[in-house]
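Working through the structure, step by step
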Amino acid sequence: MTSFHMEPRRQSKSGSLWSKERDGPSFRNTQHLVATKMNNDRRSFRNINKKPGLQIWSINDMQMSPVPARSYGNFFEGDCYIVLNIRESKYSTQLASDIHYWIGKTSSQDEQGAAAILVTQIDDHLGGLPVQHREVQGYESIRFKSYFKNGIIYKKGGVASGFKHVVTNSYNVLRLLHVKGRKNVIATEVDVSWASFNNDDIFLLDVGKAIVQWSGPQSNRKEMLKAILLAQDIRDRERGGRAQIGIVEGGHEQDSPELMKIMTSVLGPKPSQLKRGTPDDQADGMFTDIIRLYHVYEQSGNLVVQEVAVQPLTQDLLLSSDCYILDHGGSCVMVWKGKNASPAERKGALNRAVGFIKAKNYPSITRVEVMAEGGESAMFKQLFQSWTEKGQTHGLGTTHSFGKIAKVDQVKFDVMQLHARPELAAYHRMVDDACGDVKVWRIEKLELAEVKPRTYGQFYGGDCYLVLYTYQKAGQPQYIIYMWQGRHATQDEITACAFQAVNIDNQFNGAPVQVRVVMGKEPRHFLAIFKGKFIIFEGGTGRSSGAYLDSGVKLFQVRGTDEMNTMATEVPPKAASLNSNDVFLLKTNHICYLWYGKGCNGDERVMGRSISDVISRQEKQVVTEGQEPHEFWISLGGKAPYACGREFEEEKPAYSPRLFECSNQTGQFRMTEVGDVAQCDLDEEDVMLLDTWHDIFLWVGKLANEVETRESWRSAVEYLRSHPAGRDPDTPIIFVKQGHEPPTFTGWFNAWDPLKWSELGNTDLTTTDGYRAPGGPTSPIPFYRVHGDVSARRSNPSSPSTPRVQHFVPLSPIRNYSPTQPRAKAFSPEHLLGKDPSELPEGVDATQREVYLSDEDFENVIGTSRADFLRLPKWRQDDLKKKAGIF
């Protein structure tokens, strides 16, 4: 283990461990000035709102100056900011909070030092529970970016230089914004010149009363839509909804002569060639670096930082009396403050993390998180093999595990309740009560061989099986295909199993959910299908009859408390296989012993007797642990030590889910984390990976291509394999298609709209560019109107010659606005919002412009889904329309 010394309380010199946020006399002077000002004016802290929401302050003259809400997302490069976000937690009754201090690239050392000190003081004011984050311009964390759905704007200068934050209805503006990013949009103010342009990105020329969007020839549709939303946001918040927005397609400027007059009057004539752009945000690293844990403690007046462990980490390494630094491969440094650590240690944690970065020669842009014991971030907890929340009684319930054997709470399932409350279905991993229709096939000679119903539930470790489960939801059939892989099955059989699953999937037009199940890792719903009669035999099946081959001594371990979670697994017939927590069945040629361990309960014994009737029709003899007859031990080859004694009961925490976008729209496959788990972040052009810890979901959008689908599956396997917490590589991977999401998936999202995609693709226009399982039907994609003509063109970054689309107007039908209202044609927002009635497209009702927005644009403009909007009272609808600029 390595260690090094730090001197946090002594004056720093050149080459010390501290960055410029903590730099010797300058830092001490800053600390004194900030302390003096805060002692003279405590109103800054008294005005902090402790209710859920976002609050932002800029650092001005060493003090916190509130930023008006209309300016949120605008950051001056010469300033530092403090961002406080308080939110409700789905898994706790306690509010969760994050404090970020943002460092502009041209901000002063004094401002940076003041921001670091003020963050620590706010943390104390809020009880020490918020997670502290250090953010550097251009390298912000996913969580920070998620606060600003319409994008972040970097503005030149700073408040101290005389610059002001947004002034509503001000038209004295001339600026050029360089827009990048598909999920998290960043707009940087650049020189107002053609030299700032490139062919790959999008630029907004803001002249006050007009905002002109120029889309580079190589930019894609998603980037264009995000830029439009940013332009609308600028218009509505800064110009009171009165500025005009226009779009110019790069390479087709002649199609927009009026808009080009505005651009050339400011920029001059457009040059014949523009430079190439730089790549978009790089994909997140997928745990390719080693995770290291360092112990921070004082020794002889110095601060010692000593490495104590590498991945996988365990929670018991963290002692409440001290502080720790977790080094996430240099990409992020996390500091954990024990509740019994000294006050000086806790207050100086943020600065120690910055010092650690410099001591390790990491880039100054390295992200920093600081958290107190009991207030750990979801990412921090996921870096440990297991994490127990002491006294956890909140959430949807508590799941326990005992020793080596998992115990699942007995829950009575109400089908209607599961569908009405999908969060319950997601938590319990149950789509229904498992009373639907079942059909089972075994892979024989790489083909499907139907299994006789009387042997359903009898699986063999040397084989692979397909289980098709059909259930009803709102009167419509739903399908799940389980691909069960025996531990001893060959690779050819496993491959054939996946291929045959695709064939069955195609028979139902891609509607089934596909679930990979590895032997011994069966999901709860899979077990429930077989009503307490699920048995795994060793070896391959008897091909002729498909029945269990009765020969020799067999030992089975039985786990489960009811028909919903019981299974029996054949184990080696020797004493070392026994476990005091469970029921075991020992089958010989003459008798079947029911062995009850001391740790099992009455329900487990009942299920053991029930499943024994399937395994053997011989006479049953009950044997209690410690009272075994000699014949029992003789059948096991003699008495030997085995696991005995009831193990400590611990809780399994409810891990916060994480969502990743899997896309190759930039020409290279990338997997990028999305800040929130929200339905609006599911992009129909991509594959999304949802990690709920116990399951991995791959959601396939209707426009996702085959490369994204294939690479996403490989990335999911690699994601599990390389996870620093030592995740189980056999964690179920569940394949979900857009429009066919089960409640076990939708339950992880707040306010899921089941009708969001219900009518996508109901158009006469089709193409072969959508997702298609090999040999199956193709999913149709929506088309777009170009100056009144229908076009099937879709932006493709790998095909520079692809024709450009000037105005994106979805032609796929939208849902009815009201039961009495006819279906309306959809138009893009720039054709509807901020326009006089005479400027609206023909046939559009000026009093109900929102009716003519597509579902996606509706949610982005109004701020809620169409379905949720229609449930609101009229006055509330009018209020939302007014805020969105719909008059």
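In this report, we go over the structure that sits alongside the text. Since the model is a prediction, treat every value here as computed from it, not as a measurement.

**Structural notes on the overall build of the chain**
- Summing up its helical and strand segments, the chain has 21 helices and 40 strands in all.
- The buried share among the 887 residues of the chain stands at 56%.
- Within the chain, counting contacts between residues at least 6 apart in sequence, those at least 24 apart form 67% of the total.
- With the model as given, the accessible surface of the chain reaches about 37,700 Å², and the carbon-plus-sulfur share is 49%.

**A short note on the nonpolar core**
- Counting 54 residues, the largest nonpolar core has Phe-459, Trp-484 and Phe-534 as its most contacted members.
- The next biggest cluster of nonpolar side chains, apart from the first, holds 37 residues, and it includes Trp-57, Met-62, Ala-341 and Ala-349.

**Focus: the pattern of salt bridges**
- Taken as a whole and assessed by the stated rule, the structure comprises 26 salt bridges.
- We note a salt bridge from Lys-149 to Asp-681, for which the minimum N-O separation is 3.8 Å. Note that Lys-149 is positioned in the loop between helix H4 (142–146) and strand E8 (152–155) and Asp-681 in the loop between strand E35 (670–674) and strand E36 (687–691), a separation of 532 residues in sequence.
- Asp-681 gets classed as buried once you look at its relative accessible area, which sits at 10%.
- Residue Glu-238 pairs with Arg-239 through a salt bridge whose shortest N-O separation is 3.3 Å.
- Salt bridges here are not isolated pairs; linked through shared partners, they connect Arg-175, Asp-206, Glu-238 and Arg-239.

**Here we look at the sheet that holds E35**
- Overall, mixed pairing links the ten strands, which are arranged E22-E21-E24-E25-E26-E38-E37-E36-E34-E35 in an open sheet. Sheet topology places strand E22 (447–450) and E35 at the edges, where each strand pairs with a single neighbour. Ignoring which end each strand starts from, the neighbouring axes of this sheet average 25° apart.
- For strand E26 (residues 513–518) and strand E38 (residues 733–737), the ladder comprises three bridges, and the chain directions are antiparallel. Bridge assignment links Val-515 to a residue of E38, and that residue is Ile-734.
- With respect to the sheet, helix H16 (residues 706–722) is in contact with E26, strand E34 (658–663), E35, E36, strand E37 (696–700) and E38, its orientation differing from that of E37 by roughly 165°.

**Some words on unusual backbone geometry**
- Although it is not a glycine, Ala-434 sits at a positive phi angle of roughly 65°.
- Relative to the helices and strands, Ala-434 resides in the loop between helix H11 (422–428) and strand E21 (437–444).
- Ala-434 gets classed as buried once you look at its relative accessible area, which sits at 1%.
- Although it is not a glycine, Lys-445 sits at a positive phi angle of roughly 50°.
- You can see Lys-445 is positioned in the loop between E21 and E22.
- Residue classification places Lys-445 among the exposed positions, given a relative accessible area of 84%.

**Digging into the sheet that holds strand E31 (residues 592–596)**
- Spatially, the seven strands line up as an open sheet ordered E23-E27-E29-E28-E30-E31-E32, and their pairing is mixed. Of all strands in the sheet, those bounded by a partner on one side alone are strand E23 (458–460) and strand E32 (620–624). When strand polarity is set aside, the average angle formed by the axes of neighbouring strands in this sheet is 25°.
- Bridging between E31 and E32 involves five bridges; their strand directions are parallel. Looking at the pairing, Trp-595 lines up with Val-623 of E32.
- Docked against the sheet, helix H14 (residues 602–615) engages E23, strand E27 (534–537), strand E28 (554–559), strand E29 (567–571), strand E30 (583–587), E31 and E32, running at close to 25° with respect to E30.

**Observations regarding the packing of aromatic side chains**
- For the coordinates displayed, the defined rule picks out 37 aromatic pairs.
- Arranged with centres 6.3 Å apart and planes meeting at 55°, the rings of Phe-203 and Trp-214 form a pair that is tilted. Of this pair, Phe-203 sits in strand E11 (residues 202–206) while Trp-214 sits in strand E12 (residues 210–215), and the two are eleven residues apart along the sequence.
- A network of ring pairs unites the aromatic residues Phe-75, Tyr-81, Trp-102, Phe-144, Tyr-147, Phe-148 and Tyr-154 as a single cluster.

**What to know about a nonpolar patch on the surface**
- Judged by side-chain polarity, Leu-174, Val-192 and Val-266 come together as a nonpolar surface patch covering roughly 210 Å² of accessible area.
- Relative to the elements of secondary structure, Leu-174 occurs in the loop between E8 and strand E9 (175–180).

**Quick notes on the pairing of strand E7 (residues 131–136)**
- Counting buried positions along E7 gives six out of six residues, so the element sits mostly inside the fold.
- Judged from the six bridges that link them, strand E6 (residues 96–103) and E7 form a sheet pairing that is parallel. Within the sheet, the bridge partner assigned to Trp-102 lies in E7 and is Glu-135.
- Traced from E6 through helix H3 (residues 109–125) to E7, the parallel crossover comes out right-handed.
- Taken together, the three bridges between E7 and strand E18 (residues 367–372) define a ladder with antiparallel strand orientation.

The rules we used
Residues numbered from 1 in each chain as written. Predicted model: local features only at pLDDT ≥ 70, side-chain atom pairs only at ≥ 80, totals over all residues. Heavy atoms only, no water. Helix = DSSP H or I, 4+ residues; strand = E, 2+ residues; numbered from the N terminus. Buried < 20%, exposed > 50% of the residue type's maximum accessible area, 1.4 Å probe, protein only. Contact = heavy atoms within 4.5 Å. Areas by Shrake-Rupley, 256 points an atom, 1.4 Å probe, with all protein chains shown as cover. Core = buried A, V, L, I, M, F, W, Y, C linked by side-chain atoms within 4.5 Å. Salt bridge = Lys/Arg side-chain N within 4 Å of Asp/Glu carboxyl O. Pairing = 2+ DSSP bridges. Axes fitted to C-alpha atoms, helices over the stretch in contact; angles between N-to-C directions. Phe/Tyr/Trp six-rings, centres within 6.5 Å; stacked < 30°, edge-to-face > 60°. Patch = residues over 30% accessible without salt bridge, like charges linked within 9 Å, V, L, I, M, F, W, Y side chains within 5 Å. Right-handed = clockwise from strand over helix to strand, strands pointing away.

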